[in-house]
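Given next are the chains, with one letter for each unit.
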Amino acid sequence: MTQQARGPLPAKDVPAGGGRTASQAGPTGATPGALALLTLCAAHFMDAIDLSDVGVALPAIQRDLGMPPASLQWVISAYTLGYGGFLLLGGRTADLLGRRRTFLTAVAVFAVVSVLGAIAPSSGLLIAARLFKGMAAGFLAPAALSLITTNWPEGPERGRALGWYATAGAGGFVGGLVLGGALTEISWRLVFALPVPLAVAALIAGSRLLPGDPASAGRGRIDIAGALTVTGGLLLCVYAIAQAPEHGWTSARTLALFAAALILLALFARVEARSRTPLVPLSFLTRRQSVGANLTIFAMWGAYTSFAFLATLYLQNVLGWTPLETAGAFIPLGLVNGAVAPFAGRLAARFGAHRMIATGMLLLAASYAMFLRIGPDSSFVSVVLPVMLLNGLGTAATFPALNMSAVTGVPDRDQGLAGALLNTFMQIGGAVVLAVVTAVAEAGQRADGSTDPLAGYVPATAIVVGAVLAGLAATALIRNAPVRTAIPTSAAVRSGTASSGIDRSGIDKGEHHGHPHSPR
């Protein structure tokens, strides 16, 4: 990876006078260097590895710890539960208490619980470690993303930075599959220890390279009532989704969990409507561009998670591949994504994020439709490989542009929240669509009587295609932000705009989201 060659523009390329307001760059007024971006990408790479490497180790974990199937699923679900439940709180904490401080603390916790998971002597302690690791990721992800979106200015620089960030995520996800398969051959405990060296490196580099938090960081007040209700509601929602396939979607248990989640989320909305310092301003949830980006990533990630699940089962159960061979099948997807994503971010900045997102979603829909061609003896080169290549291209076109769209025009103080919302919809989308696809696939297998090895694959894949097309429809809500003219920092200070909360478009940042405590 030629990070130095394609990293952000160095500070010497910034026009005289800064050429940007405080909302365009970091606290020092200069864009951080390529090594700072590399540090954030390394943390994202580490997080993505942990999302994918554990799956191939589950059979070995089950044998070693004697875990029943009902408990085994929680090695995966506990991480998702912590991640999805704490993203909003993590994003707001980064905004109010400091993004650098939140990022470094989350990375440190991530490293510690990774070690605890690697040495866990029982299934209960392993699942607990996974839960706390997911919670740490819920703080890490929005802090890392908001560090990029507040320190690299909108336009080509941010597009390039987000492109590398997306590349790191894709590389980590695919790398986790391959490394997880290889390390499991030695010991499954090495899989859980895999993120530790990366976490230590990110912690050391981040403490030296990342821009410091502004003086105001740490003075904000977190809406405790809002944090408790939204975190509790999201935790119950993710838990209900994870349990539904086992207990039934219409069982009393599942319906009670969903009802409790809805009550907590409704209470959250009431708390936020009355709070003077809301955790999530309600006007933020109705912002058209954010809604479009969130719904699109809900469908996109839900479809990809379900496709990876189906493809893994197909390659192992139908074609008879080993776990390591199965992981290798996803390498072309990661290579294409990694090669294209850095350029996709810049193309989105030039031609419009919504055009890149729509193009990417069309490519993804086409790739999943091509998966319908699979058979009991299909050739990888002629059937599966084209699906992987086209999927990598679609993901590269979509993901950086979605990150750009979700935060474009959002004031600096809400960047962590914007990233957290995007990641929350992403995680819940993965859980919801996968649960539906799994239920459809199992129903197809039961109806066929298990005589056809491909029973259930066609209707389940059709659900995946439909999810992407629904996400494509949501892109109609996404529009490019108006072109803004940069105001030199010195001029902004003289005119008083830098201290009064006016961004580059002249819109009051507080008024933009209806904050009752914003400057007037």
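Now for a look at the structure at hand. (Residues numbered from 1 in each chain as written. Predicted model: local features only at pLDDT ≥ 70, side-chain atom pairs only at ≥ 80, totals over all residues. Heavy atoms only, no water.)

### A word on the packing of helix α16 (residues 331-351) against helix α18 (residues 380-407)
Applied cut-off: Structural elements are reduced to axes, namely lines fitted to C-alpha atoms, with helices fitted over the stretch in contact, and the angle between N-to-C directions of any two is expressed from 0 to 180 degrees. Helix numbering and strand numbering both begin at the N terminus, where a helix is a DSSP run of H or I of at least 4 residues and a strand a DSSP run of E of at least 2. Whether a crossing is left-handed or right-handed is set by the direction in which the near helix is turned from the far one by less than a right angle, anticlockwise for left-handed and clockwise for right-handed. For this analysis, residues touch if any pair of their heavy atoms sits within 4.5 Å. Note on residue classes: Ala, Val, Leu, Ile, Met, Phe, Trp, Tyr, Cys and Pro are nonpolar, Asp, Glu, Lys and Arg are charged, and everything else, Gly too, is polar.
At a minimum axis separation of 7 Å, α16 and α18 run at an interaxial angle of 35°. In this structure, α16 meets α18 at a crossing whose hand is right-handed. Of α18, the residues touching α16 (which contributes Pro332, Leu333, Val336, Asn337, Val340, Ala341, Ala344, Gly345, Ala348 and Ala349) are Leu385, Met388, Leu389, Asn391, Gly392, Leu393, Thr395, Ala396, Ala397, Pro400, Ala401 and Met404. Each residue belonging to the contact of α16 with α18 can be placed in one class, and the counts come to 17 nonpolar, five polar and no charged.

### Some remarks on the packing of aromatic side chains
The condition that has to hold: In summary, the pairing rule links any two rings of Phe, Tyr or Trp, Trp by its six-membered ring, whose centres are within 6.5 Å, and it sorts them by plane angle into stacked for under 30 degrees, edge-to-face for over 60 and tilted for everything else. The rule is simple: take the accessible area with a 1.4 Å probe, protein chains only, and divide by the maximum for that residue type; under 20% is buried, over 50% is exposed, in between is partly exposed.
On inspection of all chains with the given rule, the structure shows 12 aromatic pairs. Geometrically, the ring pair formed by Tyr314 and Tyr457 is edge-to-face, given 6.2 Å between the ring centres and 75° between the ring planes. Of this pair, Tyr314 sits in helix α14 (residues 288-318) while Tyr457 sits in helix α20 (residues 457-474); the two residues are 143 residues apart in sequence, bridging distant segments of the chain. Classification of Tyr314 by relative accessible area gives buried; the value is 0%. Measuring from ring centre to ring centre gives 5.5 Å for Trp321 and Phe380, while their planes differ by 50°; the resulting arrangement is tilted. Here Trp321 is found in the loop between α14 and α15 (323-329), whereas its partner Phe380 is found in helix α18, with 59 residues between them in sequence. Owing to a relative accessible area of 24%, Trp321 belongs among the partly exposed residues under this scheme. An aromatic cluster of at least three residues, connected via ring pairs, comprises Trp301, Tyr304, Phe307, Tyr314, Phe330, Tyr368, Phe371 and Tyr457.

### Considerations on the pattern of salt bridges
To keep things clear, this is the line we draw: By salt bridge we mean one thing: a side-chain nitrogen of Lys or Arg within 4 Å of a carboxyl oxygen of Asp or Glu.
Overall, the coordinates contain four salt bridges when judged by the stated rule. Note that Asp50 is salt-bridged to Lys133, the shortest N-O span being 3.1 Å. You can see Asp50 sitting in helix α2 (residues 34-52) and its partner Lys133 sitting in helix α7 (residues 123-151), a full 83 residues away along the chain. Lys133 matches Asp50 in its accessibility class, with the two residues each being buried. Asp95 is the salt-bridge partner of Arg92, the closest N and O atoms lying 3.2 Å from each other. Placement of both Arg92 and Asp95 in helix α5 (residues 74-97) is noted, with a separation of three residues, approximately one turn of the helix. When sorted by exposure, Arg92 lands in the same class as Asp95, which is buried. One salt-bridge network, held together by shared partners, links Asp50, Arg130 and Lys133.

### Details of the side chain of Glu272
What counts, and what does not: For the purpose of counting charges, residues Lys and Arg are taken to be positive, whereas Asp and Glu are taken to be negative. His and the chain ends are not included.
Residue position: Glu272 is located in helix α12 (residues 252-274). Arg92 provides the closest opposite charge to the buried, salt-bridge-free Glu272, at an N-O distance of 7.3 Å. Setting aside its immediate chain neighbours within four residues, Glu272 contacts Asp223, Gly226, Pro278, Leu279, Val280 and Leu282.

### Structural notes on helix α17 (residues 353-370)
The condition that has to hold: To estimate the expected span of a helix, subtract one from its residue number and multiply by 1.5 Å.
With 18 residues, α17 extends 26 Å from end C-alpha to end C-alpha; this agrees with the ideal 26 Å at 1.5 Å per step. When α17 is considered as a whole, its buried residues turn out to be Ala353, His354, Met356, Ile357, Gly360, Met361, Leu364, Ala365, Ser367 and Tyr368. In the core, the buried residues of α17 are packed alongside α14, α16, α18 and α20.

### Describing the nonpolar core
This is how the line gets drawn: Within this scheme, the nonpolar core is defined by two criteria: the residues are buried Ala, Val, Leu, Ile, Met, Phe, Trp, Tyr or Cys, and they are joined through side-chain atoms within 4.5 Å.
Formed by 119 residues in total, the largest nonpolar core has its most connected members in Phe103, Tyr304, Phe307, Tyr314, Phe330 and Tyr368. Residue contributions to this core peak at 13 residues, all from α14. Setting aside anything within four residues of it in sequence, one finds Phe330 in contact with Val174, Leu177, Tyr304, Phe307, Ala308, Ala311, Thr312 and Met388.

### Some thoughts on a nonpolar patch on the surface
So the rule is basically this: Candidates for patches are residues over 30% relative accessible area with no salt bridge; among them, like charges are joined within 9 Å and nonpolar side chains (Val, Leu, Ile, Met, Phe, Trp, Tyr) within 5 Å. Throughout, the Shrake-Rupley method with a 1.4 Å probe supplies accessible areas, and for residues the shown protein chains are the sole cover considered.
A contiguous nonpolar patch, built from Val112, Val115, Leu116 and Ile119 and spanning about 350 Å² of accessible area, is present on the exposed surface. Here Val112 is to be found in helix α6 (residues 99-118).

### Let's talk about the environment of Phe371
Here Phe371 shows up in the loop between α17 and α18. It is 7.1 Å that separates the C-alpha atoms of Phe371 and Val384, two residues lying 13 residues apart in sequence. Contact partners of Phe371, with chain neighbours within four places excluded, come to Phe307, Leu310, Ala311, Tyr314, Val387 and Thr461.

### Quick notes on the environment of Phe309
By the element assignment, Phe309 lies in helix α14. With a relative accessible area of 30%, Phe309 lands in the partly exposed category. Phe309 sits 254 residues away from Gly55 along the chain, and the two C-alpha atoms are 10.0 Å apart. Filtering out sequence-adjacent residues up to four positions away, Phe309 remains in contact with Leu434 and Thr438.

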